[in-house]
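Here is how the chains run, residue by residue.
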Amino acid sequence: MNISELETILGQAVRITGTRVGVENAEFFSVDELLDLVKQKNQQVSERLESFVKSYWQWFHFHLRIESLGKQGNLNQDEHSQLAELVKQRNETRQQLLAVLPAAA
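(A) Looking closely at the overall build of the protein. Per the secondary structure count, the protein includes four helices and zero strands. Ordered by position from the N terminus, the helices and strands of the protein form the series α-α-α-α. The C-alpha extent of the protein, read off along each of the three principal axes, is 45 × 25 × 20 Å. For the protein, the residues scored as buried account for 30% of the 105 residues in total.

(B) Seen up close, the packing of aromatic side chains. The full count for this structure, using the stated rule, is three aromatic pairs. Geometrically, the ring pair formed by Tyr56 and Trp59 is edge-to-face, given 5.3 Å between the ring centres and 85 degrees between the ring planes. Separated by three residues within a single helix, Tyr56 and Trp59 lie in helix α3 (residues 43-68), roughly one turn from each other. In this structure, Tyr56 and Trp59 share a single accessibility class: buried. Measuring from ring centre to ring centre gives 5.8 Å for Trp57 and Phe60, while their planes differ by 85 degrees; the resulting arrangement is edge-to-face. Here Phe60 and Trp57 lie together in helix α3, a separation of three residues that amounts to about one turn.

(C) Here's a closer look at the pattern of salt bridges. The final tally for this structure, using the stated rule, is one salt bridge. The partner of Glu79 in a salt bridge is Lys71, with the nearest N and O atoms 2.8 Å apart.

(D) Representation of the side chain of Ser46 within the structure. Mapping Ser46 onto the fold places it in helix α3. Assessed through its relative accessible area of 2%, Ser46 is described here as buried. Non-local contacts of Ser46, meaning those with residues more than four positions away in its chain, are made with Leu35, Val38 and Lys39.

Conventions we followed
Residues numbered from 1 in each chain as written. Predicted model: local features only at pLDDT ≥ 70, side-chain atom pairs only at ≥ 80, totals over all residues. Heavy atoms only, no water. Helix = DSSP H or I, 4+ residues; strand = E, 2+ residues; numbered from the N terminus. Buried < 20%, exposed > 50% of the residue type's maximum accessible area, 1.4 Å probe, protein only. Phe/Tyr/Trp six-rings, centres within 6.5 Å; stacked < 30°, edge-to-face > 60°. Salt bridge = Lys/Arg side-chain N within 4 Å of Asp/Glu carboxyl O. Contact = heavy atoms within 4.5 Å.

Following this line, the structure appears as structure tokens:
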């Protein structure tokens, strides 16, 4: 995955979240605008969305660092532990976001 793909994935998550909390025409707003609009609509969802986006970026940056070091597939025990924790955080924040999102209309 490259940065452009990640931005697309996270942008889509923000747009879906915006739509689900009632932001009309969410597809026509920038990600930053939508984050503000989601916060205005639902503080709890906003906090979970921001946590999800942050954890996804942390996971991605770990992979970028490993790749820049040429260590893909050759992680030491500490790096394996770090990666496992980042994956856990990413997955948990996604589930926490999904748990507070209103049902799709």
